[in-house]
Amino acid sequence: MGEPTNNHILLIGFMGSGKTSVSRRMSKLTGLSLIDLDQRIEALEHRKIPEIFDDVGEAGFRRIETQVLRGLTQEGRSIVSCGGGVVLEAENRRILKELGCVIYLKVPLDEAVGRISQPETRPLLSGSRPVSEIYDERIPLYEETADITIETSGRSVHEIATACIKVLEERGAL
Ligand code: S3P
């Protein structure tokens, strides 16, 4: 852990947009450390996300998510992969903007659904709301929170990671 920073690079986007794989690749390419918000939540709670949803519901999960997000101000500069729903709370959107440069990985719904591995680990996919409704609700929130939007459709993980790095370099953020 380095000095506390508000200079992180944060990846947001719908489930299946590639945040986890792209953040890993970006971390390798830049040498910056990697933080996976969902993994942090699971480590803090000593249980997996579906169990957290079962025990405290989505609202409870969101409270923990906000708490973990706030904690990132104490961490050295990192690439941060966020859960797909992190933008739902206005407070989270405010914290994200404060934490650093927010990159939105944009993906069409059908491609996101096709890319999702281990759907059983995503409780929202087996909930009562159609996934298209969840997707439509979130698009404006991703757009509102992002500093940079990267189109991911039809691109490989490596292409997306290098596209993110290129834009960050152009902006003097890397
Ligand atoms: C969620 C996405 C998941 C995880 C949780 C809730 C969401 O992360 O945070 O299941 O609301 O979209 P991924 O986007 O990494 O799947």
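What counts as what
Residues numbered from 1 in each chain as written. Predicted model: local features only at pLDDT ≥ 70, side-chain atom pairs only at ≥ 80, totals over all residues. Heavy atoms only, no water. Buried < 20%, exposed > 50% of the residue type's maximum accessible area, 1.4 Å probe, protein only. Helix = DSSP H or I, 4+ residues; strand = E, 2+ residues; numbered from the N terminus. Arc of directions from axis to C-beta. Contact = heavy atoms within 4.5 Å. Pairing = 2+ DSSP bridges. Axes fitted to C-alpha atoms, helices over the stretch in contact; angles between N-to-C directions.

**Student:** Explain helix 4 (residues 90-99) to me, and be specific about the residues and the numbers.
**Tutor:** Turn by turn, an α-helix covers 3.6 residues, leaving residues three or four places apart pointing in a common direction. Buried within helix 4 we find Asn92, Arg93, Ile95, Leu96 and Leu99. All buried residues of helix 4 lie within an arc of 165° about the axis, which places them on one face of the element. For helix 4, the elements touching its buried residues are strand 1 (8-12), helix 3 (49-71), strand 4 (100-106) and helix 6 (131-145).

**Student:** Could you give me a rundown of the sheet that holds strand 1, with the residues and numbers involved?
**Tutor:** An order of 2-3-1-4-5 is seen for the five strands of this open sheet, with the pairing classed as parallel. Whereas interior strands pair on both sides, the edge strands pair on one side only; in this sheet they are strand 2 (33-36) and strand 5 (148-151). Direction aside, neighbouring strands of the sheet carry axes that sit 25° apart on average. With four bridges joining them, strand 2 and strand 3 (residues 78-81) adopt parallel strand pairing.

**Student:** So what's going on with the environment of Ile103? Residues and values would help.
**Tutor:** In this fold, Ile103 is placed in strand 4. With 42 residues separating them along the chain, Ile103 and Thr145 place their C-alpha atoms 8.7 Å apart. Aside from chain neighbours lying at most four places away, what touches Ile103 is Ile9, Leu10, Leu11, Ile12, Met26, Ile148, Ile150, Cys164 and Leu168.

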